[in-house]
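Secondary and tertiary structure notes
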Amino acid sequence: MRPPEPNDPMAPFASPGGDILPRGAVPPEQTSETTLLAAERMEALGALAGSIAHDFNNVLFGIGGYAELLRLDVPAESAAGRNLSQLTRAADRARDLVAQVQTFARLGDVERVDVPLDDLVARTLDMARSQANASTTVVSQIQPGLEVRADPALLARAVLNVLTNATQAMPHGGRLLVTLSAIDVDRRRHPGLALLPGRYAEIVVADSGLGIPPGMRPRIFEPFFTTRQVGGGLGLGLSVAHGVTAALSGAIVVQSTPRDGCAFRILLPLEPLPAPAPGTYSGQCVLLVDDDPTALRSGREGLELLGLDVMARNDSRAVLAEALAGDLHFDVAIVDHAMPGIAGPELAQRLLEAHDAVPIVLASGLPTGGILAPDAVTAVVTKPFLPHEVAAVVARALRCAGSQR
Amino acid sequence: MARILVIDDDEQVRDMLQQVYERNGYTVETAADGAAGLHAFRCEPADLVLTDLLMPGKEGLETIHDLLAEKTGVKIIAISGGGRLGHLCHLATAERLGADRVFAKPIDIPRLLAATAELLAG
């Protein structure tokens, strides 16, 4: 990902266990505007990746299937048989690549269990250490007892990818610092981080490589973005990490000072998103605004199951007109990011002006975890959201709103 | 001899699956979308339907729903290449709707054949 660093590794960290990053600091270059642009770019890339992945899976199914048919007619030990095996191997490799792209685009189904993070970080660190230059100094500080609900293999992949990125930034050795701890995220100390307030596990991976040039920083999570030489990797590692953390309602952010190494922070919610039981609410009203009828329907179904009243609207201009006229009463709003008429961020801002302190959730088409949300937005959810996911986000948004009153 | 109906909008996938199943002794009919598939099914019911989910025209979930409404006891395998344009792959939904097995493309052929044989034996 980054250019090689010199033989004399700098020591960017004060001391092991010392603060690597000012807690709550948001990298100064991330203004709301640039981050929204970056988010839109990620959405477009996600859509592109999803579309390509779907078509590639069909093509690969054809290749693998026809190869399987040929096997029936070709002796396995013949030259043709061996070449067929190679063809199948190539198709399998392509399948793995597509699977990674789908992970970025968050298009797969995942099974979630309680994953002990201390063990996961220790294991992935062992793997990364084996790839690192022998003169790399590794310092780790791992808090035991933290668990998140996740797909263990996907999460390990995400963490390993970030670790690998760090070791590759230090081909001649250096210092790798890995910490795992719990932190409280709130809107005041973490302005603009698109995370709901609450307790998060924070995995920091900091290296003493050359750092990431500021111009490249907005793009490092994009799929196929790499600064490596041809053949040095496809540039999917950090995209996968981004997709995995976004799917867990977490975030991954990077901080880097040129020539002074770089630090990735992975934030994962520790309090399991409450999966509210049917009938948890009575009478609270959700305003759901989306121009996509499918999203409106599935969103409404999940929320109504919880006992919430749902006002589903597909016309953002009409919604704003109603709100300004004072005809719109709701406890929480979920607005789509990209809509004809008034886009989500602007609608969120205008709704907030009309309804003081109401929680507003921005629903975005593709991975946006870790982006800066406009100030008006309480949280960002990634579409297409499963009913229980959006229900959990609404539950937390309502709880946060309640605690502020 | 068990009869299998393959519904997929990808011509190569249809042709390949037809050959795979025929080489394994099944009788195979194919259709390029859900509407054609349902029509074929109503003309001559299959023992097992393998259907793609994301198809132009009548898509897979609706097709599964309609096939099950016929109450013939047909076995259903749903397959999908994953989502496009941000839509989740609907394999889990297909399973909830009543598909007996679901597979994400590209599918390992021996696994597909094993699942097919198991469903038709059951």
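In what follows, the accompanying structure is described. Keep in mind the model is a prediction, meaning the values are calculated, not measured. (Residues numbered from 1 in each chain as written. Chains lettered and ligands numbered in written order. Predicted model: local features only at pLDDT ≥ 70, side-chain atom pairs only at ≥ 80, totals over all residues. Heavy atoms only, no water.)

**Notes on the overall build of chain A**
What counts, and what does not: Secondary structure elements follow DSSP: runs of H or I of four or more residues count as helices, runs of E of two or more count as strands, with numbering from the N terminus. Residues count as neighbours in contact if any of their non-hydrogen atoms are within 4.5 Å of one another.
Counting secondary structure elements, chain A contains nine helices and twelve strands. A sequence separation of at least 24 residues applies to 75% of the contacts in chain A between residues at least 6 apart.

**Re the packing of helix H1 (residues 11–23) of chain B against helix H5 (residues 109–121) of chain B**
Residue and element names in this part refer to chain B. Filter applied, for reference: Angles shown run from 0 to 180 degrees and are taken between the N-to-C directions of axes, each axis being a line fitted to C-alpha atoms and, for helices, limited to the stretch in contact. Should an angle fall under 35 degrees it is called roughly parallel, over 145 degrees roughly antiparallel, and 65 to 115 degrees roughly perpendicular, with every other angle called oblique. By convention the crossing between two helices is left-handed if the near helix lies anticlockwise of the far one by an angle smaller than a right angle, and right-handed if it lies clockwise.
Their axes nearest at 11 Å, the elements H1 and H5 cross at an angle of 60°. With respect to their mutual orientation, H1 and H5 come out oblique. Crossing angle aside, the handedness with which H1 passes H5 is right-handed. Between H1 and H5, the residues in contact are Met-16, Leu-17, Val-20 and Tyr-21 and Ile-109, Leu-112, Leu-113 and Thr-116, respectively.

**Comments concerning the sheet that holds strand E4 (residues 75–80) of chain B**
Residue and element names in this part refer to chain B. To be explicit about the condition: Strand pairing requires that DSSP identify at least two bridges connecting the strands.
Here we have five strands laid out as an open sheet, ordered E2-E1-E3-E4-E5, and parallel in their pairing. Every interior strand has two partners, whereas the edge strands, strand E2 (27–31) and strand E5 (101–104), have only one. Along the sheet, successive strands turn relative to each other by an average axial angle of 15°, direction set aside. Taken together, the four bridges between E4 and E5 define a ladder with parallel strand orientation. The partner of Ile-79 across the bridge, within E5, is Phe-103. Packed on one face of the sheet, H5 meets strand E1 (3–7), strand E3 (48–52), E4 and E5 and runs near 170° to E5.

**Some details on the pairing of E2 of chain B**
All names here are of chain B. Condition: Clockwise travel from the first strand over the helix to the second, with the strands pointing away from the viewer, marks a crossover as right-handed.
As paired elements, E1 and E2 share five bridges and run parallel to each other. Its bridge partner being in E2, Ile-4 is matched across the sheet by Val-28. As for the winding sense of the linkage, the β-α-β connection from E1 through H1 to E2 is right-handed.

**Things to note about helix H3 (residues 117–131) of chain A**
Residue and element names in this part refer to chain A. Selection criterion: Helix span, as expected, comes to 1.5 Å for every residue beyond the first. We call a residue buried when its accessible area falls under 20% of the maximum for its residue type, exposed when it is over 50%, and partly exposed in between, using a 1.4 Å probe and counting protein chains only. Of all possible arcs, the one meant is that of the directions from the helix axis to the C-beta atoms.
Taking 1.5 Å per residue as the helical rise, H3 with its 15 residues ought to reach 21 Å, and the 21 Å between its terminal C-alpha atoms agrees with that figure. Burial in H3 covers these residues: Leu-117, Leu-120, Val-121, Thr-124, Leu-125 and Ala-128. Looking straight down H3, one finds that the buried residues subtend no more than 125° of arc, so they occupy a single side.

**Quick look at the packing of helix H2 (residues 34–43) of chain B against helix H3 (residues 60–69) of chain B**
Residues and elements named next belong to chain B. Rules: Lys, Arg, Asp and Glu make up the charged group, whereas Ala, Val, Leu, Ile, Met, Phe, Trp, Tyr, Cys and Pro make up the nonpolar group; the residues left over, Gly among them, are polar.
It is the contact of H2 with H3, at a shortest axis distance of 9 Å, that shows an interaxial angle of 15°. Between H2 and H3, the angle falls in the class roughly parallel. Handedness of the crossing formed by H2 with H3: right-handed. Contact residues: H2 offers Gly-34, Leu-38 and Phe-41, while H3 offers Thr-63, Asp-66 and Leu-67. Considered class by class, the residues forming the contact of H2 with H3 number three nonpolar, two polar and one charged.

**Re helix H4 (residues 152–168) of chain A**
Residues and elements named next belong to chain A. Worth spelling out the cut-off: In protein, a polar contact requires one atom able to donate a hydrogen and another able to accept it; more generally it is a pair of N or O atoms within 3.5 Å, and residues adjacent in sequence count only if both atoms are side-chain atoms.
Between its first and last C-alpha atoms H4 spans 24 Å; for 17 residues at 1.5 Å apiece the expected length is 24 Å, and the two agree. Counting buried positions along H4 gives twelve out of 17 residues, so the element sits mostly inside the fold. Taken together, the buried positions of H4 are Leu-155, Ala-156, Ala-158, Val-159, Leu-160, Asn-161, Val-162, Leu-163, Thr-164, Asn-165, Ala-166 and Thr-167. Regarding H4, its N-cap is Asp-151, as a side-chain oxygen of that residue lies 2.9 Å from the backbone nitrogen of Ala-153 further along.

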